[in-house]
Amino acid sequence: MRLYKPKLQEKLEEAFKAVLPVMGIVLILCFSVAPVPPGILMEFLMGGLLLIIGMMFFTLGAELSMTPMGEQVGRTMTRSKKLWIMVVLGFILGFVITISEPDLQVLAGQVPSIPNMVLILFVACGVGIFLVAALVRMLVGIPLGPMLVVLYLGVMVLAFFVPGDFLAVAFDSGGVTTGPMTVPFIMAMGVGISSIRNDRHAADDSFGLVALCSVGPVLAVLILGMIFTPGESAYTAAQHMEAADSVALRQMFTSSIPHYMGEIGMSMLPVLLFFGSFQLISLKMDRRALGRILVGLLYTYVGLVLFLTGANVGFMPAGSFLGGTLAGLRERWLIIPVGMVIGYFIVLAEPAVYVLMKQVEELTDGAVSGTAMKMSLSIGVAVSIGLAMTRVMTGISILWYVIPGYGLALILTYVTPKIFTAIAFDSGGVASGPMTAAFLLPFAMGACEAVGGNLARDAFGVVAMVAMTPLITIQALGLIYQLQTRRGAAKAGLVQEDTGLELYGDYDIIEL
């Protein structure tokens, strides 16, 4: 514990910087235009405290355990040089991790027209198949951009054959399957696989696993919706208890912690079994390295339990009540700019975002900075929440957003440096994490109920919107810095001003 004390202090500072702005904005709203009951306010404050502590432990734990575990598994799978082994192991890993993802369990409960286990199995198969596709892509060097174009064109075509009440849930499924438990392991596994390759595009191809694993669930759920042809959704928003006093407040959180302890334990078990099998068969890591991983796993477990308890028990009721209150005002349009401000800051409270930023900085040797990533993600999520709130207020179909949005993102793949394209599509899955499900989705649902909208058609889709806009903003960031570097190189006499994009085949010359 003493060894990691400086690291814990560093992670605590990061957690404060991430969570406090969101809490500050909500408190300003609570004491001005959107009053909330004292019980819900106290739940929110207690939830914020647990979020900060949980983020501190999770980010350190992922750094100590999930990242080295994923890298070791990736290297070992590649060294086998047997494609069928990689295909089987990749599918099993994607399948078992997805089944145990907590956010997927929540999504399954929101689709009453389809049995929970049927939906979960379809989504798990989608992730398993596309994790295999991502691994094969890395091994043979298939470009990510054209592959994504084909897949998303398939998604858009299928979307026209799915009932409207099921459409938004299908697009949301791509975000909930890439949660804080699976993202660090899958991303690190990509790094481990790419390290075996010695060509100049290996680092570029180490990204993209999360992107492809986010497409699989959407396609799987769209196909499932066509098979079951669900009608009107009977889903209603969950009712949240309000603490009557301080003892009741304490009981609300303490009674929920055992539930999340079991949930996170089940989520981590498949990863542990998978890694344990590799350790016994081929890894043979020394005791010191294993001890470090075990300490990291303990930190990860404690962090996720505290984080999810704070988010679901403390932030969810506040989000729902706040959304309903703002939408019920005479100036209900205020919910759009307010939602954008909350979205700008809330993405920085997603645990997996810091895992992605750290990995991007390490693999690009600082060429893609964490500051630039934060700004791009925040702007993207702010825009997405503004669009989502507009959809809640007007009832516009989600297709009017996702078709032009993904169309623009896919067009950008042909003019943006490869590294930015891969990072952008990974960022979409990472940005739509538990904070989106625990605060922004209830925020949209509360607003939707206040204006008398259809929850299934109008409120759902927030996760999908949050996953979509970073694809555009981060690729736009790549274009800006590509142009800046071109001009700087031209002035220095390295290239002519009218050269093409060949200078930017490697990311390592782009200084952010």
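Quick caveat: nothing in here was measured; it's all calculated off a predicted structure.

Some details on the overall build of the protein chain
Thought 1: Helix and strand counts for the protein chain stand at 20 helices and zero strands.
Thought 2: By the burial criterion, 59% of the 512 residues in the protein chain qualify as buried.
Thought 3: Within the protein chain, contacts between residues at least 6 apart in sequence are counted, and of these 86% link residues at least 24 apart.
Thought 4: Put simply, the protein chain shows about 20100 Å² of open surface, and 67% of that area lies on carbon and sulfur atoms.

Regarding the packing of helix H16 (residues 399-412) against helix H20 (residues 462-491)
Thought 1: Remark: H16 packs on H20, axes separated minimally by 9 Å, with the N-to-C direction vectors making an angle of 30 degrees. With respect to H20, the axis of H16 lies roughly parallel. Classified by chirality, the crossing of H20 by H16 is left-handed. Taking contact as the criterion, the partners of Tyr 401, Val 402, Gly 405, Tyr 406, Leu 408, Ala 409 and Leu 412 in H16 are, on H20, Ala 464, Met 465, Met 468, Leu 471, Ile 472, Gln 475 and Leu 479.
Thought 2: Of the residues assigned to the contact of H16 with H20, the class counts are twelve nonpolar, two polar and no charged.

Examining the pattern of salt bridges
Thought 1: Under the counting rule described, the total for this entry stands at two salt bridges.
Thought 2: Where Lys 7 meets Glu 63, a salt bridge forms, and the shortest distance between an N and an O atom there is 3.1 Å. Taken together, the positions of Lys 7 in helix H1 (residues 5-30) and Glu 63 in helix H2 (residues 38-79) put the pair 56 residues apart, joining distant regions of the chain.
Thought 3: For Glu 63, a relative accessible area of 17% translates into the label buried.
Thought 4: Each member of the salt-bridge network shares a partner with another, and the members are Lys 7, Lys 11 and Glu 63.

A short note on the environment of Ala 352
Thought 1: With respect to the helices and strands, Ala 352 occurs in helix H14 (residues 351-363).
Thought 2: Given a relative accessible area of 5%, Ala 352 falls into the buried group.
Thought 3: Remark: the alpha-carbon pair of Ala 352 and Ala 431, spanning 79 residues in sequence, is separated by 7.7 Å.

What to know about helix H10 (residues 209-228)
Thought 1: Compared with an ideal rise of 1.5 Å per residue, which puts 20 residues at 28 Å, H10 spans 29 Å between its outermost C-alpha atoms and is within 8% of the ideal.
Thought 2: Burial runs high along H10: 16 of the 20 residues are buried.

Quick word on helix H15 (residues 370-394)
Thought 1: In this model, H15 (25 residues) spans 36 Å end to end at C-alpha, consistent with the 36 Å of a helix rising 1.5 Å per residue.
Thought 2: Positive phi appears at Gly 395, one or two residues downstream of H15, with a value of about 80 degrees.

A look at the packing of aromatic side chains
Geometry of an aromatic ring pair is reported as the spacing of the ring centres plus the angle between the planes.
Thought 1: A complete count under the given rule lists eight aromatic pairs for this structure.
Thought 2: Considering the side-chain rings of Tyr 152 and Tyr 406, the 4.6 Å spacing of their centres and the 20 degrees angle between planes classify their relative orientation as stacked. In this pair, Tyr 152 sits in helix H6 (residues 144-159) while Tyr 406 sits in helix H16, placing the two residues 254 residues apart along the sequence.
Thought 3: Judged by its relative accessible area of 7%, Tyr 406 falls in the buried class.
Thought 4: An aromatic cluster is built from Phe 44, Phe 315, Phe 439 and Phe 443, whose rings are joined through pairwise contacts.

Let's talk about the nonpolar core
Thought 1: Counting residues in each nonpolar core, the largest one holds 159 residues, and the members touching the most others are Phe 171, Phe 185, Met 189, Leu 322, Ile 342, Met 373 and Phe 439.
Thought 2: Considering every element that reaches this core, the biggest residue donor is helix H12 (residues 287-327), with 15 residues.
Thought 3: Ignoring any residue separated from it by four or fewer positions in sequence, one finds Phe 439 in contact with Val 26, Phe 44, Phe 315, Ala 318, Gly 319, Leu 322, Ile 342 and Ile 346.
Thought 4: Of all hydrophobic cores here, the second largest spans six residues; its members include Met 56, Leu 60, Leu 64 and Tyr 299.

Some points on the side chain of Gln 475
Thought 1: Secondary-structure assignment places Gln 475 in helix H20.
Thought 2: Residue classification places Gln 475 among the buried residues on the basis of a relative accessible area of 0%.
Thought 3: Excluding residues within four positions of it along the chain, Gln 475 makes contact with Ala 409, Leu 412, Thr 413, Thr 416, Phe 420, Thr 421, Ala 424, Phe 425 and Pro 470.

Notes on the confidence of the model for the protein chain
Thought 1: Summing up the model confidence of the protein chain, the mean pLDDT is 80 and the portion of residues at 70 or higher is 86%.
Thought 2: Within the protein chain, no element has a lower average pLDDT than helix H9 (residues 202-205), which sits at 60, and none a higher one than helix H13 (residues 335-346), at 91.
Thought 3: Between residues 495-512, whose pLDDT stays under 50, and residues either more than four places distant or in other chains, the model counts 47 contacts.

Parameters and conventions
Residues numbered from 1 in each chain as written. Predicted model: local features only at pLDDT ≥ 70, side-chain atom pairs only at ≥ 80, totals over all residues. Heavy atoms only, no water. Helix = DSSP H or I, 4+ residues; strand = E, 2+ residues; numbered from the N terminus. Buried < 20%, exposed > 50% of the residue type's maximum accessible area, 1.4 Å probe, protein only. Contact = heavy atoms within 4.5 Å. Areas by Shrake-Rupley, 256 points an atom, 1.4 Å probe, with all protein chains shown as cover. Axes fitted to C-alpha atoms, helices over the stretch in contact; angles between N-to-C directions. Parallel < 35°, antiparallel > 145°, perpendicular 65-115°, else oblique. Left-handed = near helix turned anticlockwise from the far one by under 90°. Nonpolar A, V, L, I, M, F, W, Y, C, P; charged D, E, K, R; others polar. Salt bridge = Lys/Arg side-chain N within 4 Å of Asp/Glu carboxyl O. Expected span 1.5 Å × (residues − 1). Phe/Tyr/Trp six-rings, centres within 6.5 Å; stacked < 30°, edge-to-face > 60°. Core = buried A, V, L, I, M, F, W, Y, C linked by side-chain atoms within 4.5 Å. pLDDT = per-residue confidence, 0-100.

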